[in-house]
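Below, each chain spelled out in residue letters.
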Amino acid sequence: MARLTHTIYPLTTGFHGATRPTPNPELIAKYGYDSFVPFENSPDNSDEKLQAIAKEIRRDIVRALVEAKSGHSGGPLGSADIFAALYFGGVMRYDPKNPWWPDRDRFILSAGHMCPVLYSTLANAGFFPKPELLTLRKFNSRLQGHPGRDMGLPGIESSTGSLGQGLGIAVGMALADKRVDKNSRRVFALTGDGELAEGEIWEAALIAAHWELDNFTMVVDRNFCQIDGRTEDVLKLNPVGDKFRAFNFHVIECNGNNISELRAAFKEARSIKGRPTCIVAKTFMGHGISFMQDDYRWHGKPPTPEQAEQALVELV
Amino acid sequence: MADTSVLKDNLTNLAAGPKTNGPMPRFEAHTKKATRFGFGEALVVLGERYENVVVLGGDITGSVMTSYFKDKFPDRFFSMGITEATATLVAAGLALSGNIPFFATYGAFASCRNTDMLRISLAYNDANVKIGGGHAGISVGEDGATHQALEEIAIVRVLPNMTLVVPCDYLETKKATIAIGEHYGPCYIRFGRSDVPSFTLEETPFVLGKAQTFRQGRDATVIACGPMVWEALVAAYELENEGLDVRVINMSTIKPIDREAILKAARETGAIVTAEEHQITAGLGGAVSEVLAQECPTPVEFVGVKDTFGGSGKPDELMKFFGLTSGDIKNAIRTVHSRKAQ
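Residues numbered from 1 in each chain as written. Chains lettered and ligands numbered in written order. Predicted model: local features only at pLDDT ≥ 70, side-chain atom pairs only at ≥ 80, totals over all residues. Heavy atoms only, no water.

A closer look at the sheet that holds strand β1 (residues 106-109) of chain A
All names here are of chain A. Heads up, the rule is: Two strands qualify as a pair provided DSSP detects at least 2 bridges between them. Secondary structure counts use DSSP, requiring at least four H or I residues in a row for a helix and at least two E residues in a row for a strand, with both numbered from the N terminus. Between N-to-C directions, angles span 0 to 180 degrees; the directions come from axes that are lines fitted to C-alpha atoms, helices contributing only their stretch in contact.
Read across the open sheet, the five strands follow the order β1-β2-β3-β7-β6; overall the sheet is parallel. On the outer flanks of this sheet lie β1 and β6 (250-255), each paired with one strand and no other. When strand polarity is set aside, the average angle formed by the axes of neighbouring strands in this sheet is 20°. Alignment of β1 against strand β2 (residues 187-192), held across four bridges, turns out to be parallel. Looking across to β2, one finds that F107 is bridged to F188.

Looking at the packing of helix α4 (residues 80-88) of chain A against helix α10 (residues 259-271) of chain A
Residue and element names in this part refer to chain A. So the rule is basically this: Working rule for angles: under 35 degrees goes down as roughly parallel, over 145 as roughly antiparallel, 65 to 115 as roughly perpendicular, anything else as oblique. Definitions for this section: a left-handed crossing has its near helix turned counterclockwise from the far helix by less than a right angle. A right-handed crossing has that turn clockwise. Should any heavy atoms of two residues lie within 4.5 Å, those residues are counted as being in contact. Under the scheme applied, nonpolar residues are Ala, Val, Leu, Ile, Met, Phe, Trp, Tyr, Cys and Pro; charged residues are Asp, Glu, Lys and Arg; polar residues are all the others, including Gly.
One can describe the packing of α4 onto α10 by two numbers: an axis separation of 9 Å at closest approach and a directional angle of 50°. Judged by the inter-axis angle, α4 sits oblique to α10. The handedness of the crossing between α4 and α10 is right-handed. Contacts between α4 and α10 involve D81, I82, A84, A85 and L86 from the first element and I259, L262, R263 and F266 from the second. For the contact of α4 with α10, the residue count by class is seven nonpolar, no polar and two charged.

Observations regarding the interface of chain B and chain A
Frequently, the measure chosen for interface size is the accessible area that the parts lose on association. What counts here: Accessible surface is computed with a 1.4 Å probe, and the buried area is the amount of it that two parts give up when combined, taken over both parts together. Any N or O atom pair separated by 3.5 Å or less is treated as a polar contact, with the protein-specific requirement of one donor-capable and one acceptor-capable atom, and with residues adjacent in sequence counted only for side-chain atom pairs.
Taken together, the contact pairs 39 residues of chain B with 36 residues of chain A. For the pairing of chain B and chain A, the buried interface totals around 3,100 Å² over both sides, and the portion due to carbon and sulfur atoms is 59%. Summed over the shared surface of chain B and chain A, the result is 14 residue pairs in polar contact (both at pLDDT 80 or more). Within the residue set of the side of chain B that touches chain A, elements represented by two or more residues are α2 (35-49), β2 (53-57), β3 (77-79), α4 (84-96), α6 (115-124) and α8 (170-182) of chain B. Per element, the largest residue contribution to the side of chain B that touches chain A is nine residues, and it comes from α4(B). Residue composition of the side of chain B that touches chain A, grouped by class: 18 nonpolar, 13 polar and eight charged.

Description of the domain arrangement of chain B
Residues and elements named next belong to chain B. Here is the rule we go by: Each domain's extent is set by a domain assignment, obtained either automatically or from a database.
Taken as a whole, chain B is organised into domain 1 (8-29 + 203-341) and domain 2 (33-198). For domain 1 versus domain 2, the separation of C-alpha centres amounts to 25 Å. In this assembly, 42 residues from domain 1 lie in contact with 38 residues from domain 2. Taken over both partners, the interface formed by domain 1 and domain 2 buries close to 2,900 Å², and the fraction arising from carbon and sulfur atoms is 62%.

Topic: the pairing of strand β5 (residues 130-134) of chain B
Residues and elements named next belong to chain B. Heads up, the condition is: Using a 1.4 Å probe on the protein chains alone, a residue whose accessible area is under 20% of its type maximum counts as buried, one over 50% counts as exposed, and one in between counts as partly exposed.
Counting buried residues along β5, five of its five residues qualify, which places the element largely inside the surrounding structure. The alternating pattern of β5 places K130, G132 and G134 and I131 and G133 on opposite faces, both of which are buried. In this structure, strand β4 (residues 100-106) lies alongside β5, joined through five bridges in parallel fashion. From the neighbouring strand, Y106 faces β5, where its bridge partner is G134. As paired strands, β5 and strand β7 (residues 187-190) are joined by four bridges and run parallel to one another. Opposite G133, over in β7, you have R190 as the bridge partner.

So, helix α11 (residues 284-295) of chain B
Residue and element names in this part refer to chain B. Defined as follows: The span one expects for a helix is its residue count, reduced by one, times 1.5 Å.
Here α11 spans 17 Å end to end across 12 residues, near enough to the 16 Å set by a 1.5 Å rise per residue. Within α11, burial applies to L284, G285, G286, A287, V288, S289, V291 and L292. The inward-facing, buried residues of α11 abut α7 (152-157), β10 (220-224), β12 (253-255), α10 (259-269), β13 (272-279) and β14 (300-305).

Things to note about the pattern of salt bridges
Residues and elements named next belong to chain B. Counted only if it meets this: Here, a salt bridge means any Lys or Arg side-chain nitrogen found within 4 Å of an Asp or Glu carboxyl oxygen.
Applying the stated criterion to the full structure yields 38 salt bridges over all chains. For E240, the salt bridge goes to R215, with nearest N and O atoms at 1.9 Å. Note that E240 is positioned in the loop between α9 (228-239) and β11 (246-250) and R215 in strand β9 (residues 212-215), a separation of 25 residues in sequence. Relative accessible area serves as the criterion here: at 22%, E240 is assigned to the partly exposed category.

Printed below as a string of structure tokens:
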């Protein structure tokens, strides 16, 4: 029996003209982006190394956001440690030089608005040149305000942004890998905690558990913050771990700002058979920056140039 | 008495053609068969051809005929329970991983409940997912308004990247399903529950994106989709008695729409009627009018559901009540023809 194959990646239909935005050359030099060497992904990287990478991801988030003059600060800064563990601790298999390598593990950012952290992570891993981070949200940039697969940015597996949808897509990928193609790929997804109010999340959870997708690991960025306030004031979510346990997930609750705990959690997830895993990673919104830490008002705004300067000082 | 040889010739030329002997309106179709069976049978054909065709079930597999595939290829059939929205997302994930997933449920849910999924995860993602919207239109009958999808054309055709097909009978549904399976991109196919005339033949060509002229004519054109194509043919033949020579076009692909066929019909016949088992707002009539308004302003009359919900009843009763019969099409042709003359 034949296989009907199509070229799926990269898609490049989203460009509105031939010219891409030009990154600010002064900033490229100032940030040392012209001489940047990507970090390696390895299980041998020490926790200290991953902490340093997380710090660099955070710096890049601040730099991109202040240049964009809009975008989401709090979630991306809070979750940088999760991304450092996932992309640089040997958890995910990928090849930045061959970004659409068929055997790569998949990562879906269900909370699409948190894309500054994903873009910064991908640039630090060498998926695309770092100066491009400075084109975030600009006309014809591959770094859209919410991830757009149509821009062909290496490492972006799916368009996301309408909350609750990315998890179902990730479950579909995990179903494809485990039940159709029967390969050894793993699929990861990250959701916000406010996002868990979306009904499709729980439908996806039912499906992942029903099909025993033990190749699927979701991470909840549990920072207790959403646009309108604290999650427990907007719409109570606790006990979130018990909810996923009741859906027959293997649940791991950990400090999402602690590299060592995150690495242990991902390792544990890999060992689980017959059930998907949900890592409830307790983080602080805006972690690492004193004036942003744990303040929901930083959900959806960028720093001013003065605040960015202060943040970069704190992130040294 | 109408000359049925014309229909015979036209459909034969298209390699179609029911047994048209006998006086009008008795060019009976060979059989009556619901279009959903064409969908179900085509999935099995695709499953036999391609190992990466997979099907997701939404608990009503016996209604939308995905049960055929489920029985034949249980390893490539995945039950999603009653989760229309998330089944659509899972399909997107399967497609991004190189599979060709079909997900079918009632059209009311496949379109209206699912609009945001169709928009972001299918259309914007350009995911190679095929959505089957069953139980289309009021001909669902007794189930009533909640299950009578009348909005799919409007919803799906507004989304970039989508392909939308509304086949006219059982056999065309089968061909169209195979065609969308072999075509890359997000597609939606609309089909119905009740038996409708089956009149195209194996040899009748189906080309995605191409309209077919089922009957030539000079005085007006009916552009129809779904089971209304048959009603349009009946109307056209009956109007020969009144000296009207009416063209009938089967617009089975609604997106992308065959602009050339519409403009040719408008220029050559000067009057258009659209016929669809759908709201007249933003449906096939809207799509045709958009083309005409821009390039060839022409009088148009719309046959369809007029901004109301359906209701319970027998399919025939409902089609009559909501103005979706050959008689309604005839009235519309007379009206548009008189407008043309003014």
